[in-house]
Amino acid sequence: MSKILVTGSTGNVGSRLVQRLVELGQPVRAFTRQGERTSFNAAVEVAQGDFTDVESLRKAMQGVSKMYLLSAGHDLAAHEANAIAVAKEAGLELVVKHSIAGAQYKAVEMGRWHRAGEELLEASGLPWVFLRNHAFATNAFGWIQTIKAQNTVYGALGETALPVLDPADIAAAAAVVLTAPGHAGQAYDLSGPAALTTDEQVQILAKALGRQLTYVNVPDSAARDAMLGMGWPAPDVDAMIDFIQGVRSMGRLEPVDGVQKLTGHAPRSFEQWANASLAAFA
């Protein structure tokens, strides 16, 4: 059975993917900056490294046949270019790229970052799969501080409705395309089962918590200041504001059936995610 390298292995998707592959009995190696200091199942190999360190990528890909490629932030395109170049050197059988919904249109900065990686893979000669994911349900973890302090959520999306997605469903879909044949050359759109405004998400969470929560829409300038105040790099803040403005202009993004097609089960709803995540908000 071929070994799979999972990058972004400590994040919301990568950690769940590592766990899912272990459950399937699949040999897996986790690529992480924290190396041996990170706690994984004993069955998981850990490769310490960084996307900027090409030699660490080479070591991580030794004996590997497939890779889940997941990076984020304003250096994403450079990170993925390094990983794809090394994957080509290593002759990997498949690279599954974690992307975002609408990347192919290059309409927003984050989409252009992701599409650059997609285009590199298309030109590389390597077999590839793109998973184009909608917004994560786990983005709601960013509300924890103001929910605990004020029972309030602040956001800038207004009445925009997004089919938010449980990262566990992305991991389940990724496990399928990494372990089952017949997916190379395909791009799959993944979403949750229903388009929800931020206020609708907040009210679902309020019901699960059993207390009143309020959503307050703020101008983009306030959202920008808040992200900068949390320590986000300025290029990432600019890209997020660009993303917010882009999806807000569309108003409503309808659900798609990629999770059902790949996994055979419907994606989990935001309500299911919220009920499973209450401890973080209490």
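Scroll up a little and you will see the structure.
This section reports on the structure supplied with the text.

Brief notes about the overall build of the protein chain
Secondary structure summary: the protein chain contains 11 helices and 11 strands in total. Taken over the C-alpha trace, the protein chain has a radius of gyration of 19 Å; the compact-globule value for 282 residues is 19 Å, and the two agree within 12%. Expressed along its principal axes, the backbone C-alpha trace of the protein chain runs to roughly 55 × 35 × 35 Å. Of all intrachain contacts in the protein chain linking residues separated by at least 6 positions in sequence, the fraction that spans at least 24 positions is 73%. Accessible surface, the protein chain: about 12600 Å² in total, of which carbon and sulfur atoms supply 51%. The averaged location of the 28 negative side-chain charges in the protein chain is 4 Å from the averaged location of its 23 positive side-chain charges.

Topic: helix H3 (residues 76–90)
Across its 15 residues, H3 extends 21 Å between first and last C-alpha, which sits within 8% of the 21 Å expected from 1.5 Å per residue. Every buried residue of H3 is accounted for by Leu76, His79, Glu80, Ala83, Ile84, Val86 and Ala87. Here the buried residues of H3 occupy an arc of 165° about the axis, which is enough to place them on one side. Buried-residue contacts for H3 involve helix H2 (54–60), strand S4 (66–69), strand S5 (94–100) and helix H4 (109–124). Among the residues trailing H3, glycine 91 stands out with phi positive, at a value near 65°.

What to know about the packing of aromatic side chains
This model, assessed by the stated rule, comprises six aromatic pairs. Grouping aromatic residues by their ring pairs yields a cluster made of Phe141, Phe270, Trp273 and Phe281.

Let's talk about the environment of alanine 172
With respect to the element layout, alanine 172 can be found in helix H6 (residues 167–179). Classification of alanine 172 by relative accessible area gives buried; the value is 17%. C-alpha of alanine 172 to C-alpha of proline 267: the two residues are 95 residues apart in sequence and 9.9 Å apart in space. Here alanine 172 is in contact with Thr263 and His265, once residues within four sequence places are set aside.

A few points about the packing of H4 against helix H9 (residues 234–250)
Two numbers describe how H4 lies on H9: the axes approach to 7 Å, and their chain directions differ by 110°. What the angle tells us is that H4 and H9 run roughly perpendicular. Each of Glu109, Met110, Arg112 and Trp113 in H4 lies in contact with H9, whose residues at this interface are Pro235, Asp236, Ala239, Met240, Asp242 and Phe243. A per-class count over the contact of H4 with H9 returns six nonpolar, no polar and four charged.

As for the side chain of histidine 98
Topologically, histidine 98 is positioned in strand S5. In this structure the side chain of histidine 98 is engaged in a polar contact, spanning 2.7 Å, whose partner is the side chain of tyrosine 68. Filtering out sequence-adjacent residues up to four positions away, histidine 98 remains in contact with Val13, Tyr68, Leu69, Leu70, Glu80, His114, Leu131, Asn133, Phe136 and Ile170.

Examining the pairing of S4
What you see with S4 is no split at all: Lys66 and Tyr68 on one side and Met67 and Leu69 on the other are buried throughout. Bridge count for strand S1 (residues 4–6) against S4 is three bridges, and the pairing is parallel. The residue bridging isoleucine 4 from the neighbouring strand is lysine 66, located in S4. Relative to S5, S4 is paired through four bridges, and the arrangement is parallel. In the strand pairing of S5, leucine 69 is matched with lysine 97. With respect to chirality, the unit in which S4 leads through H3 into the neighbouring parallel S5 is right-handed.

What to know about the nonpolar core
Nonpolar side chains in soluble globular proteins generally cluster together in the buried interior. With 30 residues, the main nonpolar core has Leu205, Phe270 and Phe281 as its most contacted residues. Broken down by secondary-structure element, the contributors of at least two residues to this core are helix H5 (144–150), helix H7 (198–209), helix H8 (220–229), H9 and helix H11 (270–276). If we skip the residues at most four places from it in the chain, phenylalanine 270 touches Ala137, Ala140, Val164, Leu196, Gln201 and Ile204. Among the nonpolar cores identified, the runner-up in size contains 28 residues, and Val18, Ile170, Leu178 and Tyr188 belong to it.

Examining the environment of phenylalanine 31
Within the element layout of this structure, phenylalanine 31 appears in strand S2 (residues 28–32). Here phenylalanine 31 falls in the buried class, since its relative accessible area comes to 4%. Phenylalanine 31 sits 19 residues away from aspartate 50 along the chain, and the two C-alpha atoms are 8.0 Å apart.

So, how was this worked out
- Here the residue numbering is sequential within each chain, running from 1 through the sequence in written order.
- Given that the model is predicted, a residue must reach a pLDDT of at least 70 before its local features are reported, and side-chain atom pairs must reach 80 or more before they are shown or counted; all residues, however, enter totals for whole chains, interfaces and linings.
- In computing side-chain properties, one takes all heavy atoms of the structure into account and sets aside hydrogens as well as water.
- Here a strand is any run of E in DSSP of at least two residues, a helix any run of H or I of at least four, and the numbering for each starts at the N terminus.
- Radius of gyration here is computed from C-alpha atoms only, and the compact-globule reference equals 2.2 Å multiplied by the residue count raised to the power 0.38.
- Should any heavy atoms of two residues lie within 4.5 Å, those residues are considered in contact.
- Note on areas: these come from Shrake-Rupley sampling with a 1.4 Å probe, and a residue is covered only by the protein chains present in the view.
- When charges are counted, Lys and Arg contribute as positive and Asp and Glu as negative, whereas His and the chain ends are disregarded.
- The atom standing in for a charge is NZ when the residue is Lys, CZ when it is Arg, CG when it is Asp and CD when it is Glu.
- Here the expected length of a helix is defined as 1.5 Å per residue gap, with one fewer gap than residues.
- Residue burial is assigned from relative accessible area. The probe radius is 1.4 Å, only protein chains are included, and a residue is buried under 20% of its type maximum, exposed over 50%, and partly exposed in between.
- Working note: the arc is built from the helix axis to C-beta atom directions.
- Here a Phe, Tyr or Trp ring, Trp counted by its six-membered ring, pairs with any other such ring whose centre lies within 6.5 Å, and the pair is stacked when the planes are under 30 degrees apart, edge-to-face when over 60, and tilted otherwise.
- Axes here refer to lines fitted to C-alpha atoms; in helices the fit is confined to the stretch in contact. Angles between the N-to-C directions go from 0 to 180 degrees.
- Working definition: roughly parallel below 35 degrees, roughly antiparallel above 145 degrees, roughly perpendicular at 65 to 115 degrees, and oblique for all remaining angles.
- Gly is put with the polar residues, along with every residue not named as nonpolar or charged; the nonpolar set is Ala, Val, Leu, Ile, Met, Phe, Trp, Tyr, Cys and Pro, and the charged set is Asp, Glu, Lys and Arg.
- Any pair of N or O atoms that falls within 3.5 Å is considered a polar contact. Within protein, one atom must be able to donate a hydrogen and the other to accept it, and sequence-neighbouring residues count only if both atoms are side-chain atoms.
- For two strands to count as paired, DSSP must find a minimum of two bridges between them.
- Whether a crossover is right-handed depends on one test, that the path from the first strand over the helix to the second runs clockwise when the strands point away from the viewer.
- For our purposes a nonpolar core is just a set of buried Ala, Val, Leu, Ile, Met, Phe, Trp, Tyr and Cys residues, chained together by side-chain atoms within 4.5 Å.

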